[in-house]
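# Summary of structural features
Here is how the chains run, residue by residue.
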Amino acid sequence: MQHEEPREDDELLARVAAGNQGALSQLIARHSRGLRIFAARYLGNAGDAEDVVQEVFVTIWKQAARFDPARGRASTWLYRITANRCIDQRRRRALRAFIGLDDVRDSVPSEEADAEAAIAARQELAIVRDGLSRLPERQRMAVLLRAVADLDIAAIAEVMGGSAGSAEQLLVRGRRALRDHLRDHLAMAATGRERKSS
């Protein structure tokens, strides 16, 4: 099954290149959710992520003929386009902030039945998002490509235009920084609870 999916994506892209809108719809159905999650986590803004993914599929519609299956997997190509659009979006946002036109940030909705578990999960997610936002840009992208897109080291290197060794180093440093950030916040929260109880 794992070998079939890349071939199916390659075939869909070939059909998109020939002007088949149904093939584009199939690609959107297969990949839009993962691309949207990746973009939302990278950008920290669900609205911007939605815009980015729409741009990505417009690009795919126009440039599907540029995809070369001999050079890599279709999913890697989709994530590379998305990563580039995310970088462009961050630049646009930075310019808007500089000019004073910064948008209000959206949040990715959470579906959790148990109220206490939902609060704890949101707090932990907020800490992780904060940690992600503090990572250098290339570390953040590598971590998200691994965690959200489930790309391997070689695919991450290809998306980011670097070597496998540099991608691995970015992942190691990014994960370490996130673990340290989460540990420090949990320790501070525990200290705060101890003070309140005494």
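As a reminder, the structure under discussion sits directly above these lines.
So, here is what we can say about the structure in this document. None of the values given here were measured: they were computed from a predicted structure.

Attention now goes to the packing of helix 6 (residues 137-147) against helix 7 (residues 153-160). Axis separation between helix 6 and helix 7 bottoms out at 10 Å; the angle between their running directions is 135 degrees. Relative to helix 7, the element helix 6 lies oblique. Read as a crossing pair, helix 6 and helix 7 show a hand that is right-handed. Together, Arg138, Met141, Ala142, Leu145 and Arg146 of helix 6 and Ile156, Val159 and Met160 of helix 7 make up the contact between the two elements. In terms of residue class, the contact of helix 6 with helix 7 is built from six nonpolar, no polar and two charged.

Attention now goes to a positive patch on the surface. A contiguous patch of positive charge, built from Arg173, Arg175, Arg176 and Arg179, is present on the exposed surface. In this fold, Arg179 is placed in helix 8 (residues 164-197). For Arg179, a relative accessible area of 53% puts it in the exposed group.

Residue placement: Thr59 occurs in helix 3 (residues 46-63). By relative accessible area, Thr59 is classed as buried at 9%. Side chain to side chain, Thr59 and Arg85 meet in a polar contact 3.0 Å long. Contact partners of Thr59, with chain neighbours within four places excluded, come to Ala64, Ile81 and Arg85.

Core analysis: the largest hydrophobic core is formed by 47 residues, its most contacted members being Phe38, Ile60 and Leu145. If you list the elements that add at least two residues to this core, you get helix 1 (4-17), helix 2 (21-43), helix 3, helix 4 (74-99), helix 6, helix 7 and helix 8. Per-element accounting of this core gives the leading share, nine residues, to helix 2.

For helix 2, spanning 23 residues, the distance from its first C-alpha to its last is only 29 Å, which falls clearly below the expected 33 Å at 1.5 Å a residue. The sharpest bend along helix 2 comes to roughly 50 degrees, located at His31. Among the residues of helix 2, Ala23, Leu24, Leu27, His31, Ser32, Leu35, Phe38, Ala39, Ala40, Tyr42 and Leu43 are the ones counted as buried. With a side-chain oxygen lying 2.9 Å from the backbone nitrogen of Gly22, the N-terminal cap of helix 2 falls on Asn20. Remark: Gly44 follows helix 2 within two positions and exhibits a positive phi of approximately 75 degrees.

Residue placement: Asp48 occurs in helix 3. Setting aside chain neighbours within four positions, we find Asp48 in contact with Leu43, Gln89 and Arg93.

Here the focus is helix 3. Helix length check: helix 3, at 18 residues, gives a terminal C-alpha distance of 25 Å against a target of 26 Å (1.5 Å per residue), a fit within 8%. Turning to helix 3, its buried residues are Asp48, Ala49, Val52, Val53, Val56, Phe57, Thr59 and Ile60.

This paragraph deals with the environment of Gly131. Tracing the backbone shows Gly131 in helix 5 (residues 115-134). Residue classification places Gly131 among the buried positions, given a relative accessible area of 5%. Discounting chain neighbours no more than four positions away, the residues touching Gly131 are Leu178 and His181.

Another point: the pattern of salt bridges. Tallied over the entire structure, the rule returns seven salt bridges. Glu50 is paired through a salt bridge with Arg36; the nearest N and O atoms lie 3.6 Å apart. One end of the pair, Glu50, is in helix 3; the other, Arg36, is in helix 2, with 14 residues separating them in the sequence. Among the residues examined, Glu50 registers a relative accessible area of 32% and is labelled partly exposed.

Reading the values: the criteria
Residues numbered from 1 in each chain as written. Predicted model: local features only at pLDDT ≥ 70, side-chain atom pairs only at ≥ 80, totals over all residues. Heavy atoms only, no water. Axes fitted to C-alpha atoms, helices over the stretch in contact; angles between N-to-C directions. Helix = DSSP H or I, 4+ residues; strand = E, 2+ residues; numbered from the N terminus. Parallel < 35°, antiparallel > 145°, perpendicular 65-115°, else oblique. Left-handed = near helix turned anticlockwise from the far one by under 90°. Contact = heavy atoms within 4.5 Å. Nonpolar A, V, L, I, M, F, W, Y, C, P; charged D, E, K, R; others polar. Patch = residues over 30% accessible without salt bridge, like charges linked within 9 Å, V, L, I, M, F, W, Y side chains within 5 Å. Areas by Shrake-Rupley, 256 points an atom, 1.4 Å probe, with all protein chains shown as cover. Salt bridge = Lys/Arg side-chain N within 4 Å of Asp/Glu carboxyl O. Lys, Arg positive; Asp, Glu negative; His and termini not counted. Charge placed at Lys NZ, Arg CZ, Asp CG, Glu CD. Buried < 20%, exposed > 50% of the residue type's maximum accessible area, 1.4 Å probe, protein only. Polar contact = N/O pair within 3.5 Å; in protein donor to acceptor, adjacent residues only side chain to side chain. Core = buried A, V, L, I, M, F, W, Y, C linked by side-chain atoms within 4.5 Å. Expected span 1.5 Å × (residues − 1). Bend = angle between axes of the 7 residues up to and from the residue.

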